[in-house]
Amino acid sequence: MLPMTQDDGELDSLVRKRIRALRVAQGWSLEELANRAKLSPSTLSRIENGRRRLALDSLVTLARALDTTLDQLVETASDDVVVSPMIDGAHGLMRWPVKGDPGITVVRQRMTEPPPDNPARMRAHPGREWLVVLSGTAVLLLGHRRIRVETNQAAEFPTMLPHAIGAEGGPCEILGIFDRDARRGHQRAERDTDADRSRM
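Residues numbered from 1 in each chain as written. Predicted model: local features only at pLDDT ≥ 70, side-chain atom pairs only at ≥ 80, totals over all residues. Heavy atoms only, no water.

Two elements, strand 4 (residues 128–142) and strand 6 (residues 154–158), share five bridges in a ladder whose sense is antiparallel. Across the sheet, residue Arg128 finds its bridge partner in strand 6, namely Pro158. Both strand 4 and strand 5 (residues 145–149) contribute to a ladder of five bridges, which runs antiparallel. Bridge assignment links Leu142 to a residue of strand 5, and that residue is Arg145. Following strand 4, the chain reverses through two residues before pairing antiparallel with strand 5; Gly143 in that reversal takes a positive phi of roughly 60°. (Pairing = 2+ DSSP bridges. Helix = DSSP H or I, 4+ residues; strand = E, 2+ residues; numbered from the N terminus.)

Their axes nearest at 8 Å, the elements helix 2 (residues 30–37) and helix 3 (residues 41–49) cross at an angle of 105°. When the interaxial angle is binned, helix 2 and helix 3 end up roughly perpendicular. Seen from helix 2, the contacting residues are Leu30, Glu31, Leu33 and Ala34; seen from helix 3, they are Pro41, Leu44, Ser45 and Glu48. Tallied by class, residues from the contact of helix 2 with helix 3 come to five nonpolar, one polar and two charged. (Axes fitted to C-alpha atoms, helices over the stretch in contact; angles between N-to-C directions. Parallel < 35°, antiparallel > 145°, perpendicular 65-115°, else oblique. Contact = heavy atoms within 4.5 Å. Nonpolar A, V, L, I, M, F, W, Y, C, P; charged D, E, K, R; others polar.)

Moving on: the environment of Ser58. You can see Ser58 is positioned in helix 4 (residues 56–65). Ser58 gets classed as buried once you look at its relative accessible area, which sits at 10%. Those residues in contact with Ser58 that sit more than four places away from it in its chain are Leu39 and Ile47. (Buried < 20%, exposed > 50% of the residue type's maximum accessible area, 1.4 Å probe, protein only.)

These values are about where atoms sit, not about what they do.
Set out below in structure tokens:
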């Protein structure tokens, strides 16, 4: 049995709804999921409808069949669904941590300058980066390529390639998503920029 908690009734109902929603999202009938989970269709129907108690071994089997984990199947909804950004005024950035994966960071940035002409100012570091242009046009320098990214277009690239991003034809706003390694690379770049400014 699932361990009982103060919100046991709500969690029980949530898990049942989640099983059904995941099954429907896959386009599977009761019979198809029951076959994958090695349960009878009537047992699965009773689990989904609350007429059978949730046994831990059944949940483990169902999680595997639904291509998820037991933790994800029984996790409760977080109270802090809405998260406010951390403002970095010095660099014109807004940052949001992603709770589900602490290694991921979302950054919103307004750019007014074009990308650097000097290839020596392009950065390379471990990681991957994904960005979407919210407004305006961004230019992504990636290795020897110059790529225009328009409003509502996105770009994804490995940050081990030397890269730089800037605006074209006026200011642009971008939303960047960085994995842990890419975020560290950008933090180092920001520190280097601050050091350069302090020497001016």
